[in-house]
Amino acid sequence: MKIKRYVANDYRTALSQAKNELGQDAIILHSRQIKRNGILGWFTSPQIEITVAMDDTIQVHTDRMRKNESVPWPAVPQTSRQLPSMVNSGREVDLIEEIKHMNQLMEEMKHKILEVENVKGLSKTVQGFYQALTQNRVKPEIAMHIASSIQNRLPQDYGVDMQWANEVCLHTVREYVKDIRPIYLNPSPRARLVFMIGPTGVGKTTTIAKLAANMTFLDSKKVALITIDTYRVAAADQLRTFADIMDIPLSVVFSDAEMKEAIDKYREFDIIFVDTAGCSPFNQEQLVDLERFVKAAQPDDTILVLSVTTDSDELLNICHHFASVGVDKLIFTKLDEATSYGQMLNVVYEVRKPIAYVTTGQNVPDDIEIPDSTCLARMFLGEGGFR
């Protein structure tokens, strides 16, 4: 392990010196400004000092890898005399990992400090709106973007009427979730085909049952069901139970050909809902199967079902993996089980997809509704909910 200190007139020059001597894999431990020695230090600009670490073994291996040379595995020690050096090497690797972790923490601290500085630039009124958003799990960078928009719409003096400021805030947040698109059944010579996709346990089957019941009994539409969920033993039985209660047809399909036959069978219906198997976003085989069925069926709507009880980063990861299937709309479920709703705003902000419905419980057909953008905005600000 080498640890060296470099001093230069600017950070770039100091970093260049370190990389020229220690290589591209050198790790910066610390950087600071220092004054020059002597009386000149009072009249000249400060210099930059950086402290850098590098492990010789790792540098040799990474340099060879960059040159596409074969990198041999370390030889197995033949005698006990070699063990201490191996142990020391292991400790150095652990130290390097710890240093990397410290650098990561420092970067996070920098972002936090920057966030605090940005918040200080907001008026007290807008700071309150920003805090309300972040307390409800809206990501800080998204909350700051919204807060800045609110700030620009409010006068810069201190005589802001709070009721008016609240209305401006509500209107601004609402703009981010104004794209609400439920399923519309326009007159058509063929049935509208809707795929419900998503990870396991988010409530796809129950959501289909709610929509099917409402369209059958309230809208007097002819509804048919198809399921390709053959992974779970009880999946088809659950949907068949709903179908029997509502007296609507159900087909279980296992192949592309059977899918096309079922769609053709129900072509004179108003709408066909397709229930799919819960897919792990990390199971490539399941995703490929789903893509194959979607490509064969060519649905009018492919709706990704997401649970609000899931963390924002995981929700975005799910959206990223299902993007290959082709997502048209979103449904958020389990709002009655959530303690905050900002993760919905995070997803919509990032993926730019409209919301079709939200579900608020297990009761069929009651606990589903077309969301109102004003209601959603109030939820993101902590002013409402479904609990």
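Tallying secondary structure elements over the chain gives 13 helices and eleven strands in all. The proportion of buried residues among the 387 residues of the chain is 43%. Partitioning the intrachain contacts of the chain with sequence separation of at least 6 by distance along the chain shows that 73% fall at a separation of at least 24.

Right, let's talk about the packing of helix 11 (residues 312–322) against helix 12 (residues 342–351) for a bit. Here helix 11 crosses helix 12 at 35°, and the two axes come no closer than 9 Å. For the crossing formed where helix 11 meets helix 12, the hand is right-handed. Listed contacts from helix 12 to S312, L315, L316 and C319 of helix 11 are Q343, N346, V347, E350 and V351. The residue inventory of the contact of helix 11 with helix 12, partitioned by class, reads five nonpolar, three polar and one charged.

Attention shifts here to the nonpolar core. Counting residues in each nonpolar core, the largest one holds 68 residues, and the members touching the most others are F195, M259, L306, F322, F332, M344 and F380. By residue number, the principal contributor to this core is helix 5 (residues 140–153), which donates six residues. What L306 contacts, discounting residues up to four positions off in sequence, is L315, I318, C319, L330, I331, F332, T333 and V347.

Judged by how many residues are buried, helix 13 (residues 373–380) sits mostly within the fold: six of eight residues are covered. Those residues of helix 13 lying buried are S373, T374, L376, A377, M379 and F380. The secondary structure elements touched by the buried residues of helix 13 are helix 4 (124–135), helix 6 (162–174), helix 12 and strand 10 (355–359). N-cap assignment for helix 13: the residue whose side-chain oxygen lies 3.1 Å from the backbone N of T374 is D372.

This part is about helix 5. An ideal rise of 1.5 Å per residue puts 20 Å on 14 residues; helix 5 measures up with 20 Å between its terminal C-alpha atoms. When we look at burial in helix 5, the residues that qualify are I142, A143, M144, I146, A147, S149, I150 and Q151.

Another point: the environment of V288. By the secondary structure assignment, V288 is in helix 10 (residues 284–297). In this structure the C-alpha to C-alpha distance between V288 and S324, which are 36 residues apart in sequence, comes to 9.2 Å.

At the junction of V364 and P365, the peptide bond is cis and its omega measures out at 10° in the coordinates. The residue P365 is located in the loop between strand 10 and strand 11 (368–369) in this model. Phi is positive for R137, which is not a glycine, with a value near 70°. When you line up the elements, R137 lands in the loop between helix 4 and helix 5.

A few words on the sheet that holds strand 9 (residues 329–333). The strand order across the open sheet formed by eight strands is 6-5-7-4-8-9-10-11, and the pairing between neighbours is mixed. Bordering the open sheet on either side are strand 6 (250–252) and strand 11, each of which pairs with just one other strand. Here two bridges tie strand 10 to strand 11, and the two strands are oriented antiparallel to one another. Paired with T359 across the bridge in strand 11 is I368. Sheet strands touched by helix 7 (residues 204–218): strand 4 (192–197), strand 5 (223–227), strand 7 (271–275), strand 8 (301–307), strand 9, strand 10 and strand 11. Its angle to strand 7, the strand with the most contacts, is close to 165°. Against the sheet, helix 10 makes contact with strand 4 and strand 8, and its axis sits at roughly 170° relative to strand 4, the strand it touches most.

Inspection of every chain in the model, using the stated rule, returns two aromatic pairs. With centroids separated by 5.4 Å and ring planes inclined at 75°, the aromatic side chains of Y266 and F269 adopt a geometry described as edge-to-face. Classification of Y266 as buried rests on a relative accessible area of 2%. Relative accessible area serves as the criterion here: at 18%, F269 is assigned to the buried category. The aromatic ring of F269 is capped on one face by K222, whose charged end is 4.5 Å from the ring centroid.

Rules used throughout
Per chain, residues are indexed from 1 in the order of the written sequence. Residues qualify for local features only when their pLDDT is at least 70, as the model is predicted, and side-chain atom pairs are given and counted only at 80 or more; totals for whole chains, interfaces and linings, by contrast, use all residues. In computing side-chain properties, one takes all heavy atoms of the structure into account and sets aside hydrogens as well as water. The helix count covers DSSP runs of H or I at least four residues long, the strand count covers runs of E at least two residues long, and both are numbered beginning at the N terminus. For every residue, the accessible area (1.4 Å probe, protein chains only) is compared with the maximum for its type, and the residue is labelled buried under 20%, exposed over 50%, or partly exposed between those bounds. Contact definition: two residues touch when any of their heavy atoms are within 4.5 Å. For helices, the fitted axis covers only the stretch in contact; all axes are lines through C-alpha atoms, and the angles between them, taken along N-to-C directions, range from 0 to 180 degrees. A crossing counts as left-handed when the near helix is turned anticlockwise from the far one by less than a right angle, and as right-handed when that turn is clockwise. By the convention adopted, Pro, Cys, Tyr, Trp, Phe, Met, Ile, Leu, Val and Ala count as nonpolar, Lys, Arg, Asp and Glu as charged, and the other residues, Gly among them, as polar. Buried Ala, Val, Leu, Ile, Met, Phe, Trp, Tyr and Cys residues form a nonpolar core when they are joined through side-chain atoms within 4.5 Å. In protein, a polar contact means a hydrogen-donor-capable atom and an acceptor-capable atom, both N or O and within 3.5 Å, with residues adjacent in sequence counting only if both atoms are side-chain atoms; elsewhere, any N or O pair within 3.5 Å suffices. Multiplying 1.5 Å by the helix residue count minus one yields the expected span of that helix. Whether two strands pair depends on DSSP finding at least two bridges between them. Stacked, edge-to-face and tilted labels apply to pairs of Phe, Tyr and Trp rings (six-membered ring for Trp) whose centres lie within 6.5 Å, assigned for plane angles under 30 degrees, over 60, and everything in between, in that order. We call a charge positioned over a ring when the NZ of a Lys or the CZ of an Arg lies within 6 Å of the ring centre and within 35 degrees of the ring normal.

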